[in-house]
Amino acid sequence: MKNLEIAALFNEIADLLEIKGESTFRVNAYRRAARSLENLAEDVEAVADRGELDQIPGVGKSLAEKISEYLRTGKIGYHQELLRELPHGITTLMRVPGLGPKTALLLYEHLGITTLDQLEQAAREGRLRGLPRMGKKTEENILRGIEQVRRQSTRLPLGAVLPVAEELVAALREARGVGEVSVAGSLRRMRDTIGDIDVLVTASRPEHAMEVFTTHPLVAQVLSRGTTRSSVVLRNGMQADLRVVERSSFGAALQYFTGSKDHNVKLRERAVRMGLKVNEYGVFRAEDDRRVAGRTEEEVYAAVKLPWIPPELREDQGEIEAAERGKLPRLVTREDIRGDLHMHTKWSDGQATAEEMAHAARQLGYEYICITDHSQSLKFAGGVSIDDLRDHIRQVRRLSERLDGITVLIGSEVDILADGTLDYPDEVLRELDVVIASVHSRFRMDTQAMTDRILRAMRNRYVTMIGHPTGRLLGQRDPYSVDVERLVAGARETGTILELNAQPDRLDLKDAHVRLAKEHGVQVAIGTDAHSPAELRFMEFGVGTARRGWLEPQDVVNTLPLKKLLARLRQKRGG
DNA sequence: GCCGTTTTCGGCCCGACTGTTTTCAGTCG
């Protein structure tokens, strides 16, 4: 999969063009195409083979040609040309917050700086302050910025950020004079990773809200503090922004700062065509600047003749067109979820008993759960022997009889062995309600072998679903090399469900793949893979990702009531 | 460089904040 490699090259070309002072529109064209490639569910090579590169949003004739060139030669000539004018390292300077293309060029031309190390040294020696528009303060900011880049250059998983954001939101809700409070940005869109936290409030005393925010115990450093916006760095290294907006503009500001950028650009272009102007203060008539909307998001969308669009869809992936035609999906919600089919207990590497998990699930309002401990070969995770599994089956059946208000099913998360066979024989699998087949070993196979391996497991009639189908661990491990399109096609053929694993560092399948599954009529099961009662709450992250993949309740098997679920689970076995 | 209910040229978002300046450039979102 060369999607990310090409996206990175386009981003570097954009940086280089920006440093050269090229038209921002041209620069943005490269950035937009890069984002498109990052979000593409498909292998760009497959798109190229079909001759459909120019169908990718933001990719026209010129960029399609550059993509083909890269696929052919592993290089982009234009990129090489730019690198003959400017050194590669100069773009890394732009990763320092507050340091943009103009400053990068200045540093290079005057001091020959092309690396963070050189920049740090120059700043420490006080050599920056002699340059135009550079003072002592800028020097200090650059040093702090370098530290920030080194400490944490990547985005954090949604699951690590949401609790922190909720703490900030709670503190602001309690602050005197604060009215509305909402997170915005990628957090509100439930992206799998988050770059920074955006919070919006209305406040009768803005300075007090700013005080509460900038002095919160989670704050490590205040970057800026104004009357309408303040920025801080939190203890976890992440940046957080608070904006105070007028009540009459709250909806417009929320829409604006929720993004995504591409969604907003398209929305504003639509507004312009309708003789309107959309900004963070409201929707205005172009002719006389009269405000026609702004208090709520619904109002803003209505002003451009669209229904309200759920934040999870706002990625310019066809949602505006769907809204226009009244074809927005009725997205699945947490309340639609009736049970959780993937969790572990003390029988393998979990922390609680089956009964404790069942009680916790009942608290969440579930009708059913399924206990799915690891299979025998997964020794380090306490894999269950066949004899023990038979005992567990009896115990869970008794437990389910005994408990009121919830049904406990028994299953297993069975290893897919290197050759695609399973870690228990069929006569054991057939006694289980749910068989989740997962890859936990031999990650480094090539695409063909890995895909064949999983497809073989799918062809087993007792395999209900494939667990965490791509094996990624956000920020820790890349997905194993697998052809998701072939997996989806295989799932479709065999009637196998694909899991959307809701562990915050997995979220696997990811949003784009979830959508691909839906488009091919493949159903998904959202499972938490919980290893403790508390982790059952990870369902929220899974639902967020499902919504980003446009899933409706009927696309998710664990929205089914128990009877229908059992029928669905038996379907593949042929009754 | 892309894109099209203003279609093959001429748009493409724009306001807030900082640090330096003495009226604004650079950066960010």
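Residues numbered from 1 in each chain as written. Chains lettered and ligands numbered in written order. Predicted model: local features only at pLDDT ≥ 70, side-chain atom pairs only at ≥ 80, totals over all residues. Heavy atoms only, no water.

Engineer: Can you walk me through the sheet that holds strand β5 (residues 219–225) in this structure?
Structural biologist: The strands making up a sheet associate through backbone hydrogen bonding, with each pair oriented either parallel or antiparallel. Pairing within the open sheet is mixed, and its 5 strands lie in the order β2-β4-β7-β6-β5. Each end of this open sheet is capped by a strand with a single partner; those strands are β2 (178–183) and β5. The sheet shows a mean angle of 20° between the axes of neighbouring strands, direction not considered. The pairing of strand β6 (residues 229–234) with strand β7 (residues 239–244) spans 5 bridges and is antiparallel. Following the sheet pairing, R229 is matched in β7 by R243. (Pairing = 2+ DSSP bridges. Helix = DSSP H or I, 4+ residues; strand = E, 2+ residues; numbered from the N terminus. Axes fitted to C-alpha atoms, helices over the stretch in contact; angles between N-to-C directions.)

Engineer: Would you mind going over helix α2 (residues 24–39) with me for this structure?
Structural biologist: Because each turn of an α-helix spans 3.6 residues, side chains separated by three or four positions end up pointing in the same direction. The first and last C-alpha atoms of α2 sit 22 Å apart over 16 residues, in line with the 22 Å expected at 1.5 Å per residue. Turning to α2, its buried residues are V27, Y30, R31, A33, A34, S36 and L37. By the N-cap criterion, in which a side-chain oxygen at the helix start approaches the backbone nitrogen of a residue two or three places on, α2 is capped by S23, the distance to F25 being 3.0 Å. (Expected span 1.5 Å × (residues − 1). Buried < 20%, exposed > 50% of the residue type's maximum accessible area, 1.4 Å probe, protein only. Polar contact = N/O pair within 3.5 Å; in protein donor to acceptor, adjacent residues only side chain to side chain.)

Engineer: Can you help me understand the environment of Q255 in this one?
Structural biologist: Summarising the element assignment, Q255 is placed in helix α13 (residues 250–258). For the pair formed by Q255 and E147, sequence separation is 108 residues and the distance between their alpha carbons is 33 Å. If near-sequence neighbours (up to four positions away) are discounted, Q255 is found in contact with H263, N264, L267, E297, V300, Y301 and R314. (Contact = heavy atoms within 4.5 Å.)

Engineer: Quick question: what am I supposed to make of the environment of D508 here?
Structural biologist: With respect to the secondary-structure elements, D508 resides in the loop between β16 (497–501) and α22 (511–519). Take D508: its relative accessible area is 0%, and that puts it in the buried class. Not counting the four nearest positions on each side in its chain, D508 is found in contact with H468, P469, T470, G471, R472, E499, L500 and N501. Within polar-contact distance, the side chain of D508 engages the side chain of T470 at 2.9 Å.

Engineer: Just checking my understanding: could you explain the protein's contact with DNA strand B for this structure?
Structural biologist: Taken together, 43 residues form the shell around DNA strand B, and within it G60, T103, R133, G135 and R273 come nearest. When atoms of DNA strand B within 4 Å of the protein are split into backbone and base, the sugar-phosphate part holds 73%. One of the side-chain N or O atoms of Y256 is found 3.3 Å from a base oxygen in DNA strand B. Put simply, the parts of the chain that give the surface near DNA strand B at least two residues each are α2, α4 (61–73), α7 (101–111), α9 (136–151), β5 and α14 (261–273). When residues in the surface near DNA strand B are grouped by element, the largest group, 5 residues, is from α14. Considering only residue class, the surface near DNA strand B consists of 15 nonpolar, 13 polar and 15 charged. (Near = heavy atom within 4 Å. Nonpolar A, V, L, I, M, F, W, Y, C, P; charged D, E, K, R; others polar.)

Engineer: I would appreciate a short explanation of the sheet that holds strand β10 (residues 291–293) in the present structure.
Structural biologist: Read across the sheet, 3 strands follow the order β8-β9-β10 without closing on themselves; strand pairing throughout is antiparallel. On the outer flanks of this sheet lie β8 (276–279) and β10, each paired with one strand and no other. Neighbour-to-neighbour, the strand axes of this sheet turn through a mean angle of 35°, independent of strand direction. Direction of pairing for β8 relative to strand β9 (residues 282–285): antiparallel, over a ladder of 4 bridges. When the bridges of β9 are listed, K277 appears paired with F284.

Engineer: What exactly am I supposed to notice about unusual backbone geometry here?
Structural biologist: Keep in mind that most residues, glycine aside, have a negative phi and that most peptide bonds are trans. The omega torsion of the bond from G259 to S260 falls at -5°, within 30 degrees of zero and hence cis. With an omega of 10°, the peptide bond running from D508 to L509 counts as cis. Mapped onto the secondary structure, L509 falls in the loop between β16 and α22. In this structure, K305 takes a positive phi of about 60° despite not being glycine. In this fold, K305 is placed in the loop between α15 (297–303) and α16 (319–324). Overall, K305 belongs to the exposed group, its relative accessible area being 64%. One non-glycine residue, W550, lies in positive phi territory at about 65°.

Engineer: Looking at this structure, how should I read the packing of helix α1 (residues 3–20) against α2?
Structural biologist: Relative placement of two packed helices is described by the angle separating their axes and the distance separating the axes. Close contact between α1 and α2 brings their axes to 8 Å; oriented N to C, the two are set at 165°. Classified by the angle their axes make, α1 and α2 are roughly antiparallel. The two elements α1 and α2 cross, and the hand of that crossing is left-handed. Residues N3, L4, I6, A7, F10, N11, I13, A14, D15, L17 and E18 of α1 lie in contact with α2, whose contacting residues are R26, V27, Y30, R31, A33, A34, L37 and E38. Here the contact of α1 with α2 is composed, by residue class, of 12 nonpolar, 2 polar and 5 charged. (Parallel < 35°, antiparallel > 145°, perpendicular 65-115°, else oblique. Left-handed = near helix turned anticlockwise from the far one by under 90°.)

Functional significance is not addressed by these values, which are geometric in nature.
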